[in-house]
Amino acid sequence: MHIHFLGAADTVTGSKHLVDTGSHRILLDCGLFQGYKNLRERNWSRLAVSARHIDTVVLSHAHLDHSGYLPALVKQGFHGRVFATPATCDLAEVLLLDSAHLQEEDARRANLYGYSKHTPAEPLYTVDDAQRALNRLRPLPFGDEIELHPEVTVEFTPAGHLLGAATVTLRCQERTLVFSGDLGRHNDLLMPPPDPVHEADVLLVESTYGNRRHPTDDVLPLLGRLIRDTLQRGGSVLMPTFAVGRAQALILALHRLQRAGEIPAKVPIFLDSPMAAQATQLYERHQALLRVPPEEVARMCDGVTLVDTPQASEALTRSRYPRIVLSASGMATGGRVLHHLKVMAPNPKNLIVFPGFQVSGSRGAKMIAGATEVKIHGEYVPIHAEVRHLEGFSGHADADELMDWLRRFKQPPRHTYVVHGEPDAADALRTRIKEELGWRVSVPDHLARIELD
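Now for a description of the structure that goes with this document. Keep in mind the model is a prediction, meaning the values are calculated, not measured. (Residues numbered from 1 in each chain as written. Predicted model: local features only at pLDDT ≥ 70, side-chain atom pairs only at ≥ 80, totals over all residues. Heavy atoms only, no water.)

**What about the overall build of the protein chain?**
Broken down by element type, the protein chain carries 14 helices and 22 strands. Projected onto its principal axes, the C-alpha positions of the protein chain cover 65 × 50 × 40 Å. Split into buried and exposed, the 453 residues of the protein chain put 58% on the buried side. Contacts in the protein chain between residues far apart in sequence, at least 24 positions, make up 74% of those at least 6 positions apart. (Helix = DSSP H or I, 4+ residues; strand = E, 2+ residues; numbered from the N terminus. Buried < 20%, exposed > 50% of the residue type's maximum accessible area, 1.4 Å probe, protein only. Contact = heavy atoms within 4.5 Å.)

**Observations regarding the pattern of salt bridges**
In the structure shown here, the tally under the stated rule is 22 salt bridges. In this structure, arginine 108 and glutamate 105 form a salt bridge, with 2.5 Å as the shortest nitrogen-oxygen distance. Placement of the pair is arginine 108 and glutamate 105 together in helix H4 (residues 86-113), with a separation of three residues, close to one helical turn. Classification of glutamate 105 as partly exposed rests on a relative accessible area of 26%. Among the salt bridges present, the one from arginine 432 reaches glutamate 436, with a minimum N-O distance of 2.8 Å. Of the two residues, arginine 432 and glutamate 436 both sit in helix H14 (residues 423-437), four residues apart, roughly one turn of that helix. (Salt bridge = Lys/Arg side-chain N within 4 Å of Asp/Glu carboxyl O.)

**Digging into the pairing of strand S2 (residues 16-20)**
With five of five residues buried, S2 is to be regarded as a mostly interior element. Side chains Lys16, Leu18 and Asp20 project from S2 onto one buried face, and the interleaved His17 and Val19 project onto a second face that is buried too. Examined bridge by bridge, strand S1 (residues 2-7) and S2 share five bridges and lie antiparallel to one another. Looking across to S2, one finds that glycine 7 is bridged to lysine 16. Sheet analysis places S2 next to strand S3 (residues 25-28), joined by four bridges and oriented antiparallel. Its bridge partner lying in S3, aspartate 20 is registered against arginine 25. Where S2 folds back onto S3 in an antiparallel hairpin, the turn is made up of four residues, including glycine 22, whose phi is positive at roughly 105 degrees. (Pairing = 2+ DSSP bridges.)

**Focus: the sheet that holds S2**
The sheet built from seven strands is open, its strands ordered S6-S5-S4-S3-S2-S1-S22 with mixed pairing. Edge positions in the open sheet fall to strand S6 (137-139) and strand S22 (449-451), since each of these has one partner strand only. Across the sheet, the axes of successive neighbouring strands diverge by a mean angle of 25 degrees, strand direction being ignored. The strands that H4 touches are strand S5 (81-84) and S6; relative to S6, the one it contacts most, it runs at about 145 degrees. (Axes fitted to C-alpha atoms, helices over the stretch in contact; angles between N-to-C directions.)

**Describing the packing of helix H13 (residues 399-406) against H14**
Relative to each other, H13 and H14 sit at 45 degrees, their axes nearing to 11 Å. One finds that H13 runs oblique with respect to H14. Between H13 and H14 the crossing geometry is right-handed. Of the residues in H14, those touching H13 at Ala399, Asp400, Leu402, Met403 and Leu406 are Leu429, Arg432, Ile433, Glu436 and Leu437. Grouping the constituent residues of the contact of H13 with H14 by class yields seven nonpolar, no polar and three charged. (Parallel < 35°, antiparallel > 145°, perpendicular 65-115°, else oblique. Left-handed = near helix turned anticlockwise from the far one by under 90°. Nonpolar A, V, L, I, M, F, W, Y, C, P; charged D, E, K, R; others polar.)

**Looking at the sheet that holds strand S8 (residues 152-158)**
The seven strands lie next to each other as S7-S8-S9-S10-S11-S20-S21, forming an open sheet whose pairing is mixed. For this open sheet the edge positions go to strand S7 (145-149) and strand S21 (441-442), each flanked by a neighbour on one side alone. In this sheet, strand S20 (residues 415-419) lies alongside strand S11 (residues 202-206) in parallel orientation, the contact comprising five bridges. By the bridge assignment for S20, leucine 203 is matched with threonine 416. The sheet contacts of H14 involve S11, S20 and S21, and relative to S20 the element is tilted by about 155 degrees.

**Focus on the pairing of strand S9 (residues 166-172)**
Where burial is concerned, most of S9 is hidden: six out of the seven residues are buried. Inspection of the sheet shows S8 paired to S9 by seven bridges, in the antiparallel sense. Among the inter-strand pairings, proline 158 is bridged to a residue of S9, identified as alanine 166. In this sheet, strand S10 (residues 175-179) lies alongside S9 in antiparallel orientation, the contact comprising five bridges. Looking across to S10, one finds that threonine 169 is bridged to valine 178. In sequence, S9 turns back onto S10 through a hairpin of two residues, with glutamine 173 there showing a positive phi of about 50 degrees.

**A short note on the nonpolar core**
Formed by 98 residues in total, the largest nonpolar core has its most connected members in Val57, Leu73, Met239, Leu254 and Ile324. Each residue touching methionine 239, except ones within four places of it in the same chain, is listed here: Leu223, Ile227, Leu250, Leu254, Ile324, Val325, Leu326, Ser327 and Val353. In this structure, Val154, Phe156, Val168 and Val419 belong to the second largest nonpolar core, which totals 25 residues. (Core = buried A, V, L, I, M, F, W, Y, C linked by side-chain atoms within 4.5 Å.)

**Here we look at the side chain of asparagine 43**
Tracing the backbone through its elements, the reader meets asparagine 43 in the loop between helix H1 (37-40) and strand S4 (56-58). Look at asparagine 43 and you get buried, because its relative accessible area is 7%. Those residues in contact with asparagine 43 that sit more than four places away from it in its chain are Leu32, Phe33, Tyr69 and Leu124.

Shown next as structure tokens:
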């Protein structure tokens, strides 16, 4: 039995871990690489193993850095089943179809305006590819154990972090492998904390915030003050947001701020992301998985205008009155938010709030680091607006919360592999695991193939 680390081994994106039992090959996650160009270019290289030789895919959750490569895998010949929780299946339909649409649109724009180095520019995958991938999804509820192959089973445990997100437990020939997926926070606005897992022979643990602690202060009063200050100077607020998870948390936060009188009740709030609107409906459908009372879930979108058509989005970018705009994508890597940035970023009266983690190399990461301009659609846009980064909205467990989750194992795993983190974060968590817990732990290299003891 061995593990082949095909992604998220030297970076925080592109989650793909191939477990080969000798008779069955299971790909844990099938994510896109994001951030720096050299990482994004990995998406265009075929996997180190043939897609046809992978028997099963198991998704920990629906975020694109964990699920977004699935249509490409199917395009390359994967024909097996894909297991995920029911909520992840629902969210994946929204995310993958939108991802495919954006890639087709980006290729169309690149060909139209000639800013691609490739002629013609082509999408990584199409909407048809995404639909074929979705047809392979099989829902598996939390706590149910299903046989993938004789003597190989899989089970999901709630991980917090995102609607439907799971920790994955594989059992094979009396050996247990646990993959944490992305773990949520103790005090997340929407999701309950992750459930513990008590036993593992081999553990793969994420390290997104492996070298950081979240601010202890309540982020809502700070957001309220920033919004009030911006409105008072006649500016507007732009929140680049992930359409799934972060958008719903921000809508809830704004709803609570308005109810508490911290921001004006009548300030116009726009959700300019059809995908986020669809995802919000799914949060309402799966509200039993949330920590929010059902009556608040039902009312949190009161006063929020959903911007559905491209024409309505374009009209919103031309508006000049003070407003709050939530638009995807959360790291400003694509989507409608780019059009808002082009208009709003040059105005010093405006505020741009990045609520949550920004992958190195993304526009969001560059802007919170103080970039004075960013390139959008082949043109450089000056940044004169106030830019703030509110890590308090992150859906990831921080370093202390990761250690708390690890401490709930009844006995040390034979080996722990730290994945899904930037090099500094992964090594910081490795050090803490070794020094505080005394476990056998390492950080695998990209494409490392490791035989299990």
